[in-house]
Amino acid sequence: MSRLIVVSNRVNPPSGRGDETVGGLAMALSAALREYSGLWFGWSGKIAPEFTGALNTQTVKGVTVATVDLDEADYQEYYNGYANKTLWPLFHYRVDLAAYDRSFGEGYDRVNRRFAETLRPLIQPDDLIWVHDYHLIPLARELRQAGVRNRIGFFLHIPWPAHQLVVTLPRHRVLVEALFDYDLVGFQTAEHLQAFEGYVTTEAGGQILSQGRLSAFGKTVRADAFPIGLDAEQFAALARSPRAHRSYDVMAAHSVFRKMIVGVDRLDYSKGLEERLIGVERLLQDHPEFRREILMLQIAPPSRDEVEAYQAERAKLDALTGRINGEFGHMDWTPIHYINRNYRRDELAGIYRAAAVGLVTPLRDGMNLVAKEFVAAQDPEDPGVLVLSRFAGAAMQLKDALIINPNSPEEIADALRRALSMPLAERRKRWEALNANVQREDVTAWRDRFVQSLAATGPAQLRRVANGS
Ligand code: GDG
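Because the structure is a prediction, the values reported are computed rather than measured. (Residues numbered from 1 in each chain as written. Predicted model: local features only at pLDDT ≥ 70, side-chain atom pairs only at ≥ 80, totals over all residues. Heavy atoms only, no water.)

1. Some points on the overall build of the chain
Each helix and strand counted, the chain has 16 helices and 16 strands in total. At 23 Å, the chain has a C-alpha radius of gyration in line with the 23 Å of a compact globule built from 469 residues. Looking at the chain residue by residue over its 469 residues, the buried ones come to 59%. Sequence separation of 24 or more characterises 77% of the internal contacts of the chain that already satisfy a separation of 6 or more. When the accessible surface of the chain is totalled, it reaches about 18900 Å², and 49% of it is carbon and sulfur. Looking at charge distribution, the chain has the averaged site of its 56 positive side-chain charges lying 3 Å from that of its 59 negative ones. (Helix = DSSP H or I, 4+ residues; strand = E, 2+ residues; numbered from the N terminus. Rg over C-alpha atoms; globule rule 2.2 N^0.38 Å. Buried < 20%, exposed > 50% of the residue type's maximum accessible area, 1.4 Å probe, protein only. Contact = heavy atoms within 4.5 Å. Areas by Shrake-Rupley, 256 points an atom, 1.4 Å probe, with all protein chains shown as cover. Lys, Arg positive; Asp, Glu negative; His and termini not counted. Charge placed at Lys NZ, Arg CZ, Asp CG, Glu CD.)

As structure tokens, this is what we get:
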């Protein structure tokens, strides 16, 4: 009889109040943990004077959560360092921003070892363990060394890059070999899976076996694509909630006689925010008929603002917004509304619904849930149009969006022009196809497929609690 243990860098289960503010992933994982009577383990987000390994365990809305504090060196070397200054830029094709500092790699290994040591006593013999994201790639290796024989799966939320990029990482073989200590490795898209296979066959001298298995380093692992989805039905319901109505009304009143283009992103250089603004600028330059007719709302809550590259990105966006507004704005019209604030999820849903165009332009993105949220929030009678970068994992599924290359301001401007002028019948047809995909391939389907694939790598049966949801 198995339980499910989820491990992620940060742990953020629903609080019991105001679930509208909790992300879909947290909700979906919590639901899985309730269903499989499991445990969620990770960093508390707190920094202690020194690492003690003391566990803080509590049960929140039926989900048992166990967290551990890290120390300052862990935070700087593992989190700010190897995770956010080395792996994140490299895996998003920004070799120019990737920092290689020996202390970062040491901190990364140390925290993974500390996680393994702290988690080890909580594991029961047939628990399934599901590890999330680039912060924790070596966790299975550390658990195996501590004698853990359970089935362990890993899901990478961000892209797996082409092998030519992976090899720019010092000790890349060690990192990739660590993935072979899992039973199942999941990627967002077939493209990321193929890139991983490319590394295994060309760099590691490995082989692609049958049934999604790969062999290298004297080990085998199952690897597959599991595109993550949205809590789609819930999100569509959020878009009809009172708070969403209020934010919808505010935006509708604000953009009266104008069409709104919306962007929502963590302030991150991978999201193509500069390229997006330059695309809007190009629309205003090349198509003066849209001046005063549109309004771009960009919500960009700051993230990782201790990392220099994020500070630099913020400064560039401040300057770019000022330039475009200065050039095109009038006393009664400001083309770009750029806001570094976090909104509630239900407010976001209303904002998406009030927009004529959702503009999603990452230069690289594992999936991009904003694109799916925009679709789920639309009014079926009068849906907005999604303009989506081909470099978002979501573009593999959302083929009825207007797909663009975000490096081309002309392509963005052309797609915006087309979206802003699109007849209702075409908008509806495209939206229906997009929404069918978003609703069908939702977060529950994703999570069940992953957990079942992991369970299928071994003999134990998952125990579902009788009234689990
Ligand atoms: C990683 C991968 C992959 C944004 N602003 C606010 C807010 N958000 C929410 C969005 C959305 C989430 O943040 C962002 O999700 P994304 O998928 O777009 O991107 P990452 O944060 O980079 O996530 C990504 C994802 O993992 C899941 O696997 O898709 O590729 O990079 O849900 O709505 N939420 C609230 N207020 C805001 O102001 N409440």
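Alright, that's what it looks like, and here's the rest.
2. Topic: the side chain of His92
In this fold, His92 is placed in the loop between helix H2 (72-91) and helix H3 (102-119). The contacts of His92, once residues within four sequence positions are left out, are Ile158, Pro159, Ser270, Arg364 and Asp365.

3. Observations regarding the sheet that holds strand E9 (residues 213-216)
Reading across from one edge, E3-E4-E2-E1-E5-E6-E7-E10-E9-E8 is the order of the 10 strands in this open sheet, with mixed pairing throughout. Two strands in the sheet have a free side with no partner beyond their single neighbour: strand E3 (55-60) and strand E8 (207-208). Pairing of strand E5 (residues 128-132) with strand E6 (residues 152-155) involves four bridges; the strand directions are parallel. Looking at the pairing, Trp130 lines up with Gly153 of E6. Strand contacts of H2: strand E1 (4-10), strand E2 (39-48) and strand E4 (63-71), with the helix running at about 100 degrees to E4, the strand carrying the most contacts. Packing of helix H16 (residues 443-455) onto the sheet brings it into contact with E1, E5, E6, strand E7 (184-187) and strand E10 (219-225), and relative to E5 it is tilted by some 130 degrees. (Pairing = 2+ DSSP bridges. Axes fitted to C-alpha atoms, helices over the stretch in contact; angles between N-to-C directions.)

4. Comments concerning the site of the ligand
Near the ligand there are 23 residues, and of these His157, Asn342, Tyr343, Asp365 and Glu373 occur at the shortest range. The contact in question runs from an oxygen atom of the ligand to an N or O atom on the side chain of Gln188, over 3.0 Å. With respect to the ligand, the side chain of Lys271 contributes an N or O atom lying 3.0 Å from an oxygen atom. Computed on the free molecule, the ligand has an accessible area of 730 Å², of which 85% lies beneath the protein chains in the complex. (Near = heavy atom within 4 Å. Polar contact = N/O pair within 3.5 Å; in protein donor to acceptor, adjacent residues only side chain to side chain.)

5. With respect to the domain arrangement of the chain
Entries for the chain in the domain assignment read domain 1 (4-229 + 443-455) and domain 2 (232-440). Between the C-alpha centres of domain 1 and domain 2 the distance comes to 30 Å. Contacts between the two partners involve 29 residues from domain 1 and, on the opposite side, 25 residues from domain 2. With both chains or domains summed, domain 1 and domain 2 bury close to 2100 Å², and 59% of this area falls on carbon and sulfur atoms. (Domains from an automatic or database assignment. Buried area = accessible area lost by both parts, 1.4 Å probe.)

6. With respect to the environment of Ile412
Along the chain, Ile412 falls in helix H14 (residues 409-420). Judged by its relative accessible area of 0%, Ile412 is buried. Separated by 134 residues in the primary sequence, Ile412 and Ile278 place their C-alpha atoms 8.7 Å from one another. Setting aside residues no more than four positions away along its own chain, Ile412 makes contact with Glu275, Arg276, Gly279, Leu359, Thr361, Ile404, Asn405 and Pro406.

7. What about the pairing of E2?
Among the 10 residues of E2, seven are classified as buried, and the element is accordingly described as predominantly covered. When E1 meets E2, the two strands line up parallel, connected through five bridges. Considered in E2, the bridge of Ser8 is made with Gly42. By the bridge criterion, seven bridges tie E2 to E4 in an arrangement that is parallel. The residue bridging Ala48 from the neighbouring strand is Asp71, located in E4.

8. Observations regarding the pattern of salt bridges
The full count for this structure, using the stated rule, is 33 salt bridges. With a shortest N-O distance of 3.6 Å, Arg243 and Glu347 are connected by a salt bridge. With Arg243 in helix H9 (residues 242-254) and Glu347 in helix H12 (residues 345-354), this pair connects stretches of sequence that are 104 residues apart. Assessed through its relative accessible area of 32%, Arg243 is described here as partly exposed. (Salt bridge = Lys/Arg side-chain N within 4 Å of Asp/Glu carboxyl O.)

9. Overview of helix H11 (residues 308-328)
In this model, H11 (21 residues) spans 30 Å end to end at C-alpha, consistent with the 30 Å of a helix rising 1.5 Å per residue. Along H11, the residues classified as buried are Tyr310, Glu313, Leu317, Leu320, Thr321, Ile324, Asn325 and Phe328. Projected down its long axis, H11 shows its buried positions confined to an angular sector of 125 degrees, all on one face. (Expected span 1.5 Å × (residues − 1). Arc of directions from axis to C-beta.)

10. A closer look at the packing of H12 against helix H13 (residues 369-377)
Packing of H12 against H13 brings their axes to within 8 Å, and their N-to-C directions diverge by 70 degrees. By the criterion of interaxial angle, the relationship of H12 to H13 is roughly perpendicular. Here Arg345, Ala349, Tyr352 and Arg353 of H12 lie close against H13, whose contacting residues are Val370, Glu373, Phe374 and Ala377. Class assignment of the residues belonging to the contact of H12 with H13 gives a composition of five nonpolar, no polar and three charged. (Parallel < 35°, antiparallel > 145°, perpendicular 65-115°, else oblique. Nonpolar A, V, L, I, M, F, W, Y, C, P; charged D, E, K, R; others polar.)

11. Let's talk about the sheet that holds strand E13 (residues 336-339)
Across the sheet, six strands lie side by side as E13-E12-E11-E14-E15-E16; this open sheet has parallel pairing. Two strands in the sheet have a free side with no partner beyond their single neighbour: E13 and strand E16 (402-404). When strand polarity is set aside, the average angle formed by the axes of neighbouring strands in this sheet is 20 degrees. In this structure, strand E11 (residues 259-264) lies alongside strand E12 (residues 294-299), joined through six bridges in parallel fashion. Bridging across to E12, Val264 finds its partner in Ile299.

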